[in-house]
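Examining the three-dimensional arrangement
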Protein chains: 2
Amino acid sequence: MKNEMKPNVVGIDIGGTNTVFGIVDQKGTVLASNSIKTQAYQELDNYMNALCDGIAKLVADTCGMDKIQGIGVGAPNANFYTGNIEHAPNLPWKGIVPFAKMMSEKLGVPVALTNDANAAAIGEMKYGVAQGMKDFIMITLGTGVGSGVIANGQLIYGHDGFAGELGHVIVERNGRPCGCGNKGCLETYTSATGVARTAREFLEKRANEDSLLRKIPADQITSKDVFDAAKAGDAIAKDIFAFTGEVLGAALADFIKFSSPEAIVLFGGLAKSGDLLLVPLKKAMEDNLMPIFKNKVKVLFSGMKDADAAVLGASALGWDAK
Amino acid sequence: MKNEMKPNVVGIDIGGTNTVFGIVDQKGTVLASNSIKTQAYQELDNYMNALCDGIAKLVADTCGMDKIQGIGVGAPNANFYTGNIEHAPNLPWKGIVPFAKMMSEKLGVPVALTNDANAAAIGEMKYGVAQGMKDFIMITLGTGVGSGVIANGQLIYGHDGFAGELGHVIVERNGRPCGCGNKGCLETYTSATGVARTAREFLEKRANEDSLLRKIPADQITSKDVFDAAKAGDAIAKDIFAFTGEVLGAALADFIKFSSPEAIVLFGGLAKSGDLLLVPLKKAMEDNLMPIFKNKVKVLFSGMKDADAAVLGASALGWDAK
């Protein structure tokens, strides 16, 4: 006898700062959600207890655990095949964390994991601007840069479950040091922190030029500050976005040569910069493409709300969790 | 009623110099093969007539056309979805060539196309060192650099049929001019012609240093000459291979971040250079990987004979041609 599908799933998005979780129904509606501070739990057991308690309470208030088909989790360095989180540099717990096993034992529900950007890609395919697409690349522009690659209508997990780390493709040999141990990774230029780094570099290099950004102590400048200054017409701030767009656009051109996607979908804080980022990005992307790829690939901004996309994407894994 | 599968297929490998074709059975045995000179036919109609005549004769001598299930073709810029060859820079016929349609009308057998490196990847998965693998990347090192990406056990064609052009990923911004119109493509460094280019550069830069390669007029040096000189202990020749391996290894590290393959399979003339290429390649590859990918990905040389692999791979498409 085939087991009947239960009506809801839980999606969890584990970030370096917050862990967001929500209950999602079969139509993709987030019925309820909540979050805990990831960094408040340096001990894995304490974190797991707090997260499971939070989920149990949210589920009890919404539908009851017997209505939950499974739990899907998006987390950095999450391995889809093993259910482990392995050596995630931005999370407090070191080594290999058997996350799926720990959580499913506590909550009595099957749990599946993948990295946060992969989860976002699945969310985008199921509920976002990539609905109906069989080939696209999701790029998440947040504190870091993540990616999820959909080809032939499937997420590419790779042989070990770790595919889609395009934030660590090297765009500048011997460039900026990255947390991963290499230099010149895309993430060091086009993440929110990368933009802030560019701001400090540009302000130092153009010391004689005035800028709205000089009102802010250099080590406190955020990508949001750069965005606001650029919007206000600040020349250095606009050049920072032009530079960021050029670096990202040239990298996207290389990604296109890999999987020839119908679209690139940008997601996350920086994706809200609109034409400031998009205009230089598209120019650099097209300039770096061969004729067979030119003027074919759409660049789209995710239509989903940040938290929803991650939770929805993660939750989609929950339907098939075993 | 399901049509019964016929016992043989035809595989065709269209290169800039030669077009090789063969008859292949269900076990992957090349029963007979022949070739024509691609460049001898500047007119498409003449080429198509000569090729179809050659195939018809080979088939008549072997099994008869009623025993041919389909024809599979590997060709540069070949579009799997449309059956066209589109704007191939190294072929004599410009624009969009409706290759599959023309050939199937002439021979009365269904014809399917993909690019030569994709065909080689399929051949490697069916008959070569990648048997049983679900995730690997094929890199062909010939006059140019081609690639075929297998993920989740399937070839990635991309939304338009053109995925897998890793020879044109840019490894050096504003680097060597490439036939594709861009600068610094992988192909300009790690193809056979790229190695010859490096030789000319190194010989010029190190003008005061003796080398076996100086016996050959600079514009006539081939990658084979460099290989022979390196084997004989020539310092400049060895450095040329070290440089080539470093560039390729660093590029492979970036490709691994995309699809996390179980193996990279190298194919073509340069792949025969063995440790001269492999040792610096592996070092550069590992140096440019993040911890989660280190010491995991095999680098293999194709076990197939050059002509066979291309014909076998192309022929594999013939079974499903419609």
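Cut-offs and rules
- Residues numbered from 1 in each chain as written.
- Chains lettered and ligands numbered in written order.
- Predicted model: local features only at pLDDT ≥ 70, side-chain atom pairs only at ≥ 80, totals over all residues.
- Heavy atoms only, no water.
- Least-squares fit on C-alpha atoms with pLDDT ≥ 70 in both.
- Contact = heavy atoms within 4.5 Å.
- Buried area = accessible area lost by both parts, 1.4 Å probe.
- Salt bridge = Lys/Arg side-chain N within 4 Å of Asp/Glu carboxyl O.
- Helix = DSSP H or I, 4+ residues; strand = E, 2+ residues; numbered from the N terminus.
- Buried < 20%, exposed > 50% of the residue type's maximum accessible area, 1.4 Å probe, protein only.
- Pairing = 2+ DSSP bridges.
- Axes fitted to C-alpha atoms, helices over the stretch in contact; angles between N-to-C directions.
- Phe/Tyr/Trp six-rings, centres within 6.5 Å; stacked < 30°, edge-to-face > 60°.
- Core = buried A, V, L, I, M, F, W, Y, C linked by side-chain atoms within 4.5 Å.
- Parallel < 35°, antiparallel > 145°, perpendicular 65-115°, else oblique.
- Left-handed = near helix turned anticlockwise from the far one by under 90°.
- Nonpolar A, V, L, I, M, F, W, Y, C, P; charged D, E, K, R; others polar.
- Polar contact = N/O pair within 3.5 Å; in protein donor to acceptor, adjacent residues only side chain to side chain.
- Lys, Arg positive; Asp, Glu negative; His and termini not counted.

Relating one copy of the chain to the other takes a rotation about an axis and a shift parallel to that axis. The operation relating chain A to chain B is a screw motion whose rotation component is 180 degrees, with 0.0 Å of axial translation and a residual RMSD of 0.0 Å. Taken together, these values place the two copies in the relation of a two-fold axis. Of all interface residues in chain A, 100% are interface residues in chain B too; the two copies therefore contact each other through one and the same surface.

Glancing now at the interface of chain A and chain B. Frequently, the measure chosen for interface size is the accessible area removed from exposure when the parts meet. With 43 residues of chain A at the contact, the number on the chain B side is 43 residues. Where chain A abuts chain B, roughly 3700 Å² becomes buried across the two surfaces, and 56% of that area is made up of carbon and sulfur atoms. Contact with chain B buries area across many residues of chain A, yet A:His159, A:Phe258 and A:Ile292 alone supply 21% of it, more than any other trio. Put simply, chain A and chain B have 4 salt bridges between them. Salt-bridge contacts for A:Asp254 lead to B:Arg173; the nearest nitrogen and oxygen are separated by 3.7 Å. Listing elements by their share of the side of chain A that touches chain B, those giving two or more residues are strand E9 (145-151), strand E10 (154-155) and helix H7 (235-259) of chain A. Looking at the side of chain A that touches chain B element by element, the count peaks at 7 residues for H7(A).

As a further point, take unusual backbone geometry. All names here are of chain B. Positive phi is not limited to glycine here, since asparagine 174 has a value of about 55 degrees. Residue class for asparagine 174 comes out exposed when judged on its relative accessible area of 70%. A positive phi is found at serine 260, a non-glycine position, where the angle reads about 40 degrees. Along the chain, serine 260 falls in the loop between helix H7 (235-259) and strand E11 (263-267). Judged by relative accessible area, serine 260 falls into the buried class, the value being 0%.

What follows is about the sheet that holds strand E4 (residues 68-74) of chain B. Residues and elements named next belong to chain B. Ordered in space as E3-E2-E1-E4-E7, the 5 strands form an open sheet in which the pairing is mixed. In the strand order of this sheet, the two ends are held by strand E3 (30-37) and strand E7 (111-114), each with one partner. Averaged over all pairs of adjacent strands, the angle between strand axes in this sheet comes to 15 degrees, irrespective of strand direction. In the packing of helix H1 (residues 44-62) onto the sheet, the strands contacted are strand E1 (8-14), strand E2 (18-25), E3 and E4, and the crossing angle to E2 comes to about 30 degrees. Sitting on the sheet, helix H2 (residues 99-107) is in contact with E1, E4 and E7, with an inclination near 155 degrees to E7.

The final tally for this structure, using the stated rule, is 19 aromatic pairs over all chains. With centroids separated by 6.3 Å and ring planes inclined at 75 degrees, the aromatic side chains of A:Phe227 and A:Phe241 adopt a geometry described as edge-to-face. With A:Phe227 in helix H6 (residues 223-231) and A:Phe241 in helix H7, this pair connects stretches of sequence that are 14 residues apart. Note on accessibility: A:Phe227 and A:Phe241 belong to one class, buried. Among the aromatic residues, those joined into a ring-pair cluster are A:Phe255, A:Phe258, B:Phe255 and B:Phe258.

Quick look at the environment of B:Pro291 now. Within the secondary structure, B:Pro291 sits in the loop between helix H8 (275-287) and strand E12 (298-301). For the pair B:Pro291 and B:Asn18, spaced 273 residues apart in the sequence, the C-alpha separation amounts to 43 Å.

Attention shifts here to the nonpolar core. A:Ile139, A:Phe255, B:Ile139 and B:Phe255 are the most contacted members of the largest nonpolar core, which has 109 residues in total. Residues in contact with A:Phe255, not counting those within four places in the same chain, are A:Ile137, A:Ile139, A:Leu166, A:Val169, A:Leu186 and B:Phe258.

Looking now at the packing of helix H6 (residues 223-231) of chain B against H7(B). Residues and elements named next belong to chain B. Taken N-terminus to C-terminus, the directions of H6 and H7 make an angle of 120 degrees; their axes are 7 Å apart at the nearest point. The orientation of H6 with respect to H7, classified from their angle, is oblique. When you trace H6 past H7, the crossing you get is left-handed. Between H6, through Ser223, Val226, Phe227, Ala229 and Ala230, and H7, the contact on the second element is made entirely by Ala237, Lys238, Ile240 and Phe241. Within the contact of H6 with H7, the residues separate by chemical class into 7 nonpolar, 1 polar and 1 charged.

Scanning the model with the defined rule gives 24 salt bridges over all chains in all. Where A:Lys283 meets A:Asp287, a salt bridge forms, and the shortest distance between an N and an O atom there is 2.7 Å. A residue pair is termed a helical-turn pair when its members lie 3 or 4 positions apart in one helix, as A:Lys283 and A:Asp287 do in helix H8 (residues 275-287) at 4 residues. For A:Asp287, a relative accessible area of 41% puts it in the partly exposed group. Between B:Glu209 and B:Arg206 there is a salt bridge; the shortest N-O distance is 2.9 Å. A residue is classified by how much of its surface remains accessible, and B:Glu209, at 30% relative accessible area, is partly exposed.

Looking at the element boundaries, A:Asp160 is found in the loop between E10 and helix H4 (187-190). Residue A:Asp160 is classed as buried on the basis of its relative accessible area, which comes to 9%. Within the local environment of A:Asp160, its side chain forms a polar contact with the backbone nitrogen of A:Phe162, the two atoms lying 3.1 Å apart. Contacts of A:Asp160, omitting those with residues within four sequence positions, involve A:Asn79, A:Tyr81, B:Ser260, B:Ile292, B:Phe293 and B:Lys296.

What follows is about the side chain of A:Glu86. Relative to the elements of secondary structure, A:Glu86 occurs in strand E5 (residues 85-86). Here A:Glu86 occupies a buried position and makes no salt bridge, while the nearest side chain of opposite charge, B:Lys296, is found at 5.3 Å. Excluding its chain neighbours within four sequence positions, the residues that come into contact with A:Glu86 are A:Asn77, A:Asn79, A:Gly95, A:Ile96, A:Phe162 and B:Ile292.

Residue and element names in this part refer to chain A. Tracing the sequence through the fold places glycine 318 in helix H9 (residues 306-318). A relative accessible area of 0% means that glycine 318 is categorised as buried. Separated by 223 residues in the primary sequence, glycine 318 and glycine 95 have C-alpha atoms spaced 25 Å apart. Beyond its immediate stretch of four places on either side in the chain, glycine 318 contacts Val9, Gln69, Gly70, Ile71 and Gly72.

Moving on, we get to the sheet that holds strand E11 (residues 263-267) of chain A. Residue and element names in this part refer to chain A. The mixed open sheet is built from 5 strands, whose spatial order is E10-E9-E8-E11-E12. With one partner strand each, in any of the chains shown, E10 and strand E12 (298-301) form the two edges of the open sheet. In the sheet, E9 pairs with E10 via 2 bridges, with the strands oriented antiparallel. If you follow isoleucine 150 over to E10, its bridge partner there is leucine 155. Lying on the sheet, H7 is in contact with strand E8 (136-141), E9 and E11; it crosses E8 at an angle near 150 degrees.

Read these as layout, nothing more, since geometry by itself doesn't imply function.
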